[in-house]
There are 2 protein chains.
Amino acid sequence: MLDQKPNKTEDQHTDLLRQFHLRPTRQRLALADLLFNGPCRHVSAEQLRLETKNKGINMSLATIYNTLNQFTKVGLLHEINLDNNVTYFDTNTDHHHHFFDPKTNKLIDIPRDAISLNALPDAPDGHDVERVDVIIRLS
Amino acid sequence: MLDQKPNKTEDQHTDLLRQFHLRPTRQRLALADLLFNGPCRHVSAEQLRLETKNKGINMSLATIYNTLNQFTKVGLLHEINLDNNVTYFDTNTDHHHHFFDPKTNKLIDIPRDAISLNALPDAPDGHDVERVDVIIRLS
DNA sequence: AACCCTATTTAAAATCGTTCTAAACTGCTT
DNA sequence: AAGCAGTTTAGAACGATTTTAAATAGGGTT
C-alpha cells in the first residue's frame, strides 16, 4: 500500500550504472530494478519484455536487447545459451554451475564449490582456460 | 585414383539407416558419408551445406536440417548449442566433454574419464540427472 | 517392368530471436 | 535555456531454422 514510496534501490542502481559509465536512464533503471533487486535470475529478453509490459513500463524490445548486452559487456550479467537458441542472462556473475531442465528451460544455480572439478585436462597449445561450465541436464 | 570403386561404407550406412527405420535415400547416405566415416566431428547445417555443394551433391538446406534432426532423434548425433545461437551436431554420442574456443567456435572432445566429477549435488526433487556436460571455455 | 503408396525432398514462404538503421528524444554540462 | 552526445525507438533487416504444399523417389506388389 506504500507504492508511492520511491524504490529504495533506485539510487543504488543509479550509482551502479554510473560506475560503468552508463547513463541512468528510465529504461535502464527499470531493467536494473527487475534484475538486481531480488534473488539471482535467469531471464531472456522476451521474458523481460513481458515483465516490463505487465508493469506498465513502456520500452522497446530493441532497448531491452541493447541494455542486456551492455550489462553483459560491463560484467553485470552473464550470457548462457541452451538447447533452444535463446540467449539467457544470468544475474549471478560469480563462477558457478547449473542444473538445466530441458522441459521448462529453467536453470538452477549450483554454487561453484558444490562441484569438485579436479584433474582438468590441460588446455590445448596456445590456449588458456577461461572458465569451466558444468551443466547438469535434468530429466 | 580408384574413385570408381563404390564407397566401401555405403552398404554399412544403408544398414545403419534401416536399423533406425530411415530409408537410405541418396541424401541421407551422402550426409552419413560426411558424418560417420572419418573421425568424430562437430558440424553445423551450414557447414554440411557447403561440403555437399563442394562435392557436387545436390540437396536442399531443409533436407540437411531434416536429416540432422532425424539423426539426432534416433541417437546418431548429439546437439550442442554455444554462444552464437547456431546448432552444432556432434558425431560422438558417447558421454564426453568439450573444450570450446569462442574465437573460432571450434569444439574439441574431452574423453569422459579425463575429468573426474565426483560429489555432484543431488538433482532437485522430482528430477533425475540425465547428463553432465562440462564445457571448458578457452581464451 | 509398371504400379502404387507412402516417405522423402524441395523451393519458397514463414517464423523466431536478434541486430541494425536512421530519426526522435533525453540526460547532462555549460 | 541551449546544445551535444548518448539513448531510445519503430521498423526494417538479418541469420538460423522450420513449415508448407507440391514434386519426387523408395520399396514393395503385381
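Note that the structure is predicted; figures quoted are calculated from it, not measured.

Peer 1: Can you explain the nonpolar core? Please cite residues and give values.
Peer 2: L31(A), L35(A), L48(A), I64(A), L68(A), F71(A) and L77(A) are the most contacted members of the largest nonpolar core, which has 17 residues in total. Going through the elements one at a time, α1 (10-19), α2 (26-36), α3 (45-54) and α4 (61-74) of chain A are the ones with two or more residues in this core. No other element matches α2(A), which puts 4 residues into this core. With residues up to four places along the chain from it excluded, the contact list for L77(A) reads L35(A), F36(A), L68(A), F71(A), T72(A), F89(A), D90(A), T91(A) and T93(A). Ranked by size, the runner-up nonpolar core spans 16 residues in total, among them L31(B), L48(B), I64(B) and L76(B).

Peer 1: Hey, could you go over the interface of chain A and chain B for me, with residue numbers and the actual values?
Peer 2: The parts lose accessible area when they come together, and the size of an interface is often stated as this lost area. Each side of the interface is counted separately: chain A has 36 residues, and chain B has 36 residues. Taking both partners together, chain A and chain B bury about 2,900 Å²; carbon and sulfur atoms supply 52% of that area. Among the residues chain A hides against chain B, the three largest losses belong to N85(A), R137(A) and S139(A). Together they make up 19% of the total. Linking chain A to chain B there are 1 salt bridge. For D133(B), the salt bridge identified is with R137(A), shortest N-O distance 3.9 Å. Joining chain A to chain B, the criterion identifies 14 residue pairs in polar contact (both at pLDDT 80 or more). Elements represented by at least two residues in the side of chain A that touches chain B include exactly β2 (78-81), β4 (96-101), β5 (106-111), β6 (116-118) and β7 (129-138) of chain A. Of the residues in the side of chain A that touches chain B, the class split is 19 nonpolar, 8 polar and 9 charged. Relative to strand β6 (residues 116-118) of chain B, β6(A) is paired through 3 bridges, and the arrangement is antiparallel. For S116(A), the partnering residue across the bridge sits in β6(B) and is N118(B).

Peer 1: Any chance you could break down the protein's contact with DNA strand C for me, citing the residues and the numbers?
Peer 2: By nearness alone, 22 residues border DNA strand C, and Y65(A), T87(A), T25(B), R28(B) and T63(B) come closest of all. Looking at DNA strand C alone, sugar and phosphate atoms form 81% of those within 4 Å of the protein. Note that a phosphate oxygen of DNA strand C is positioned 2.6 Å from one of the side-chain N or O atoms of T63(B). Put simply, the parts of the chain that give the surface near DNA strand C at least two residues each are α4 of chain A together with α2 (26-36) and α4 (61-74) of chain B. For the surface near DNA strand C, the leading source of residues is α4(A), giving 4 residues.

Peer 1: Explain the environment of Y88(A) to me, and be specific about the residues and the numbers.
Peer 2: Residue and element names in this part refer to chain A. Along the chain, Y88 falls in strand β3 (residues 87-90). As for Y88 and G126, which are separated by 38 residues in sequence, their C-alpha atoms are 30 Å apart. Those residues within four positions of Y88 in sequence are excluded, and the remaining contacts are H42, V43, S44, Q47, H78, E79, I80, L82 and N105.

Peer 1: Which residues make up the packing of α2(B) against α4(B), and what are the values?
Peer 2: All names here are of chain B. The geometry of α2 relative to α4 is characterised by a closest axis approach of 10 Å and an angle of 65° between their N-to-C directions. Like other packed secondary-structure pairs, α2 and α4 cross with a definite hand, here right-handed. For the pair formed by α2 and α4, the contact residues are Q27, R28, L31, A32, L35 and F36 on the first element and T63, I64, T67, L68, Q70 and F71 on the second. Residues belonging to the contact of α2 with α4 are distributed by class as follows: 7 nonpolar, 4 polar and 1 charged.

Conventions and cut-offs
- Residues numbered from 1 in each chain as written.
- Chains lettered and ligands numbered in written order.
- Predicted model: local features only at pLDDT ≥ 70, side-chain atom pairs only at ≥ 80, totals over all residues.
- Heavy atoms only, no water.
- Core = buried A, V, L, I, M, F, W, Y, C linked by side-chain atoms within 4.5 Å.
- Buried < 20%, exposed > 50% of the residue type's maximum accessible area, 1.4 Å probe, protein only.
- Helix = DSSP H or I, 4+ residues; strand = E, 2+ residues; numbered from the N terminus.
- Contact = heavy atoms within 4.5 Å.
- Buried area = accessible area lost by both parts, 1.4 Å probe.
- Salt bridge = Lys/Arg side-chain N within 4 Å of Asp/Glu carboxyl O.
- Polar contact = N/O pair within 3.5 Å; in protein donor to acceptor, adjacent residues only side chain to side chain.
- Nonpolar A, V, L, I, M, F, W, Y, C, P; charged D, E, K, R; others polar.
- Pairing = 2+ DSSP bridges.
- Near = heavy atom within 4 Å.
- Axes fitted to C-alpha atoms, helices over the stretch in contact; angles between N-to-C directions.
- Left-handed = near helix turned anticlockwise from the far one by under 90°.

These values are about where atoms sit, not about what they do.
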